[in-house]
Amino acid sequence: MDNNENWFTYLDQLEHQVNGPLQAYQVYHELNQITKDQSIFSIDVGDVNQLSNRHLRLKTSNRYFTSNLFATMGVGIPGAIAAKLNYPDRQVFSLSVDGGAAMVMQDLVTQVQYHLPIINVIFSNGHFGFIRDEQEDTNEGEIGVEFNDIDFSKIADGIGMQGIRVTEISQLTDAFKQAQKIGQHDPVLIDVKITNERPIPVEAMKLDPARFDAKTINEFKQRYHAEDLKPFAEYLKQYGVNSNNKDLGQGGF
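Anyway, here's the lowdown on the structure attached to this text. (Residues numbered from 1 in each chain as written. Predicted model: local features only at pLDDT ≥ 70, side-chain atom pairs only at ≥ 80, totals over all residues. Heavy atoms only, no water.)

Some details on the overall build of the protein chain
Move 1: The helix and strand tally for the protein chain stands at 11 helices and 6 strands.
Move 2: Its C-alpha atoms give the protein chain a radius of gyration of 19 Å, near enough to 18 Å, the size a compact globule of 253 residues would have.
Move 3: Its C-alpha atoms give the protein chain principal-axis dimensions of roughly 60 × 40 × 35 Å.
Move 4: In the protein chain, which comprises 253 residues, the proportion classed as buried is 46%.
Move 5: Across the protein chain, contacts joining residues at least 24 apart in sequence account for 73% of those joining residues at least 6 apart.
Move 6: Accessible area of the protein chain: about 13400 Å², with a carbon and sulfur share of 51%.
Move 7: Within the protein chain, one finds 22 positive and 34 negative side-chain charges whose respective centroids are separated by 4 Å. (Helix = DSSP H or I, 4+ residues; strand = E, 2+ residues; numbered from the N terminus. Rg over C-alpha atoms; globule rule 2.2 N^0.38 Å. Buried < 20%, exposed > 50% of the residue type's maximum accessible area, 1.4 Å probe, protein only. Contact = heavy atoms within 4.5 Å. Areas by Shrake-Rupley, 256 points an atom, 1.4 Å probe, with all protein chains shown as cover. Lys, Arg positive; Asp, Glu negative; His and termini not counted. Charge placed at Lys NZ, Arg CZ, Asp CG, Glu CD.)

Here it is as structure tokens:
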């Protein structure tokens, strides 16, 4: 329980930041404000998977699906179409990263043509973030993970869908209130221009002073805004549990 509380306090602090550049975390705070008990989420593949698992506050009555097994980029937008056709009376979201959305943005036309009230949220940072994260762990550099910015709000406007672009934290609340209203009867798209920082890698925490020096821990905490996050080892010690501290190897390409 103590470790869970420490973790959720960390997530809460990220979501409630009001200063600095817009990050994905604050977007989820606004999403949670307009989510209904019966809402359905179609999640694309990428960092948005990790972020949704951590930051969406869902009830057992909500539905959430993605492409975990096949990691099919672009599944978010068409998946939302299927959800809305099957559950026309329920609020439906598609949550996508810009890389995946660019592969299937023609399906936004389908939403307009068939008058499907879906709230589409696209996290834009000009990177294949999840691939870049893997390359950081396994390669000596990055390759093929950057692309030009796409203003999806203009694409939405061009096909007859209301498009909203958000570039600052202060714009989020109004944008999501507007999307909630429009999304009751028409499809709508919010293009959120976020930083390209990596979500904290929970499988490779550098917090334990028994394993890492003070400089490494401080750099890790600063990078992931985790100044108050405590290592799991501290709770194991608190409850008298021994750990062998073995690291697991990571695959790559």
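There is more to say, and it comes next.
Focus on the layout of surface pockets
Move 1: Looking at the second largest pocket, its volume works out to about 360 Å³.
Move 2: Lining the second largest pocket are 28 residues, with G46, D47, V48, V97 and F130 positioned closest to its centre.
Move 3: Listed by contribution, the elements that provide at least two residues to the lining of the second largest pocket are α2 (24-34), α3 (47-55), α5 (98-104) and α7 (129-138).
Move 4: When grouped by side-chain class, the residues that make up the lining of the second largest pocket number 14 nonpolar, 11 polar and 3 charged. (1 Å grid on protein atoms, 1.4 Å probe; cavity = no way out; pocket = protein on both sides within 12 Å on 5 of 7 lines; lining within 4 Å. Points joined across faces, edges and corners; volume = space filled by probe spheres on them. Nonpolar A, V, L, I, M, F, W, Y, C, P; charged D, E, K, R; others polar.)

Considerations on the nonpolar core
Move 1: Ranked by size, the top nonpolar core spans 40 residues in total, and within it Y10, V27, L31, L95, V121, F123 and V192 carry the most contacts.
Move 2: Broken down by element, the residue count for this core peaks at 6 residues, all from α2.
Move 3: Listed in part, the 10 residues of the second largest apolar core include V104, I122, F152 and L189. (Core = buried A, V, L, I, M, F, W, Y, C linked by side-chain atoms within 4.5 Å.)

Concerning helix α1 (residues 2-15)
Move 1: Taking 1.5 Å per residue, 14 residues should reach 20 Å; α1 reaches 20 Å between its end C-alpha atoms and fits that length.
Move 2: Where α1 is buried, its residues meet α2, α3 and α11 (232-238). (Expected span 1.5 Å × (residues − 1).)

Describing the side chain of Q91
Move 1: By the element assignment, Q91 lies in the loop between α4 (76-86) and β3 (92-97).
Move 2: Q91 sits in the buried class, given a relative accessible area of 12%.
Move 3: Excluding residues that lie within four positions of it along the chain, Q91 makes contacts with I34, T35, K36, Q38, S39, I40 and I119.

Comments concerning the pairing of strand β1 (residues 40-43)
Move 1: Neither face of β1 is exposed, since I40 and S42 on one face and F41 and I43 on the opposite face are all buried.
Move 2: The pairing of β1 with strand β2 (residues 63-65) spans 3 bridges and is parallel. Looking at β2, one finds that S42 is bridged to F65.
Move 3: In this fold, β1 hands off to α3, which returns the chain to β2; that crossover is right-handed. (Pairing = 2+ DSSP bridges. Right-handed = clockwise from strand over helix to strand, strands pointing away.)

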